[in-house]
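Fold and contact review
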Amino acid sequence: MDDQPPDYELADRMALTTAAQVRAIGHPLRTTILQLLHERAASVTELATALGRPKSTVAHHVQVLAGTGLLQVVRTRKVRAIEERFYGRTARLFHVAPEPAAGGEAMPRDFNDFAVAAHESATAYEQGELWGFIRHARISPDQASAFWSRMAELVDEFDRLPRSGAVSYGFAVGIYPTDHPTLPTPEDEREPER
């Protein structure tokens, strides 16, 4: 393996096409487990230690993620005659791409990453350690899509950084339509009235 995390093979992207998969990533603890596994494969014991949660709780959430195809066992080892499993993500990036449901089951929404980032960043903001920007621009849907593709490349670069240092940094990006006020089109650019 190279020095880029994680320490196991995985696909670059995976489309989440079922309601169960989207529900699986919609739980904050499961999202944190997935984020931890960006660094390296881990056992339930290691995950429970990192999360400060009981092993039984973490094992349940790992099984939900594995059952929906988001985690897999990437290696095992014997520990006192018991096989310890190390779990890894099945892809670096999961994206929601629902297929029409035959049974009419509605696809649940993913959680709001910005709500999570706002909560996580509060302490950094209070300590003067938050780097952030918000900007607004009137652009076309095609321009927004192209810009999102560029941001996704930056997220991928961030995910692949070798892990070092004592501090974990959050990185939140997004693009979304708003009702932010806009200036009217200047008179010299308006369509002539007919």
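Reading the values: rules and limits
- Residues numbered from 1 in each chain as written.
- Predicted model: local features only at pLDDT ≥ 70, side-chain atom pairs only at ≥ 80, totals over all residues.
- Heavy atoms only, no water.
- Helix = DSSP H or I, 4+ residues; strand = E, 2+ residues; numbered from the N terminus.
- Buried < 20%, exposed > 50% of the residue type's maximum accessible area, 1.4 Å probe, protein only.
- Contact = heavy atoms within 4.5 Å.
- Areas by Shrake-Rupley, 256 points an atom, 1.4 Å probe, with all protein chains shown as cover.
- Pairing = 2+ DSSP bridges.
- Polar contact = N/O pair within 3.5 Å; in protein donor to acceptor, adjacent residues only side chain to side chain.

**Observations regarding the overall build of the protein**
Helices and strands together make up the secondary structure of the protein, namely 6 helices and 4 strands. Order of helices (α) and strands (β) in the protein, N terminus to C terminus: β-α-α-α-α-β-β-β-α-α. Residue burial in the protein is summarised as follows: out of 194 residues, 24% are buried. Residue pairs in contact within the protein that sit at least 24 positions apart in sequence constitute 67% of those at least 6 positions apart. Carbon and sulfur atoms make up 53% of the accessible area of the protein, which totals about 14,200 Å².

**Here's the deal with the pairing of strand β2 (residues 71-79)**
Looking along a regular strand, one sees the side chains alternate between the two faces of the sheet. Here β2 runs beside strand β3 (residues 82-89); their pairing, made up of 8 bridges, is antiparallel. Residue pairing in the sheet places valine 73 in a bridge with tyrosine 87 of β3. Taken together, β2 and the strand that follows it, β3, pair antiparallel across an intervening segment of 2 residues, in which arginine 80 is found at a positive phi of about 50°.

**Some points on the side chain of threonine 68**
If you trace the backbone, threonine 68 turns up in the loop between α4 (55-67) and β2. Within the local environment of threonine 68, its side chain forms a polar contact with the backbone oxygen of valine 64, the two atoms lying 3.1 Å apart. The residues touching threonine 68, leaving out its near neighbours within four places in the chain, are Met14, Ala20, Gln21 and Ala24.

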